[in-house]
Amino acid sequence: MERTLAGAALVAAGGFAGALTRYAVDIAAGDVTGLGTLLVNVVGSFALGLLVTRATEVRTQLFVGTGFVSSFTTYSTFAADAVALGTVAGTGYVVVSYAAGFLAAIAGLALGRRL
Amino acid sequence: MTEPLLAAMAVGIGGAAGALARHAVGLAIESRWSLVVVNTLGSFALGVVIGVPTGPSATLAVGVGFCGAFTTFSSFAVETVTTAEAGDPGTATAFAALNVVAAVAALLTGSGLALVVT
């Protein structure tokens, strides 16, 4: 499934929707540098933690995990926002994003294992 | 100002391509380090997009769509946490640090290069 055309189509379809949803969140979050990216990265880290413990079907993993959630979250914009904020605020932004993202992933994994 | 529907299509199509490219890298490099590769390459590309005076459609398709989806934070966070949980906090720490150092350096290199060339 992972190396098939159908698998690729699922990843692409999920990626289309995930990137679009991230764009919508970013617009809704307004002009505060990094806020939209922080939101999607924390929510997405929780969702992926939940997914990897619950989704048994490869199709679901490809569409929701590799496609949607992984495209909903982003690292390049996170790096750009950190640079745009300058050395002090940017370092703080990285620390906050990492802490919140890891805690969200831990929570998602824990919840998924409990269900 | 880009038309909203056109902007959405640019982001979506770029996102689909970025997710596919990330998937391909993941199949080629079957380890956690594939995430460092996509996050570094994608940050370099975003740096170029930021440095080169492109139109809003190109920024949306390549920057927000492709680079945004090609790189990922959620897989990175889950990978870091599960590596630490598996009893390897040293690798988890190195992985987390390498991602941010490489991505920021790549972004600065990309934007710096773009400013020199254009």
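Residues numbered from 1 in each chain as written. Chains lettered and ligands numbered in written order. Predicted model: local features only at pLDDT ≥ 70, side-chain atom pairs only at ≥ 80, totals over all residues. Heavy atoms only, no water.

Peer 1: Provide a residue-level description of the overall build of chain B, including the pertinent values.
Peer 2: For chain B, the helix and strand inventory stands at five helices and zero strands. Start at the N end of chain B and walk to the C end: the helices and strands fall as α-α-α-α-α. Taken along the three principal axes of its C-alpha coordinates, chain B extends 50 × 30 × 25 Å. Expressed as a percentage of its 118 residues, the buried residues of chain B come to 47%. Across chain B, every contact between residues at least 6 apart in sequence was considered, and the portion connecting residues at least 24 apart equals 79%. Looking at chain B as shown, the accessible area adds up to about 5,100 Å², and 76% of this sits on carbon and sulfur atoms. (Helix = DSSP H or I, 4+ residues; strand = E, 2+ residues; numbered from the N terminus. Buried < 20%, exposed > 50% of the residue type's maximum accessible area, 1.4 Å probe, protein only. Contact = heavy atoms within 4.5 Å. Areas by Shrake-Rupley, 256 points an atom, 1.4 Å probe, with all protein chains shown as cover.)

Peer 1: A description of the side chain of B:Asn39 should follow, citing residues and the corresponding values.
Peer 2: Among the structural elements, B:Asn39 can be located in helix α2 (residues 33-51). Those residues in contact with B:Asn39, other than ones at most four positions away along the chain, are A:Tyr75, B:Thr71, B:Thr72, B:Phe76, B:Asn99 and B:Ala103.

Peer 1: Report on the packing of helix α2 (residues 35-54) of chain A against helix α3 (residues 58-72) of chain A, specifying residues and quantitative values.
Peer 2: All names here are of chain A. At their nearest, the axes of α2 and α3 sit 9 Å apart, and the two run at 165 degrees to each other. Considering their axes alone, α2 and α3 lie roughly antiparallel with respect to each other. Between α2 and α3 lies a crossing whose hand is left-handed. From α2, Val40, Val43, Gly44, Ala47, Leu48 and Leu51 reach across to α3, where they touch Thr60, Val64, Gly65, Val69 and Phe72. (Axes fitted to C-alpha atoms, helices over the stretch in contact; angles between N-to-C directions. Parallel < 35°, antiparallel > 145°, perpendicular 65-115°, else oblique. Left-handed = near helix turned anticlockwise from the far one by under 90°.)

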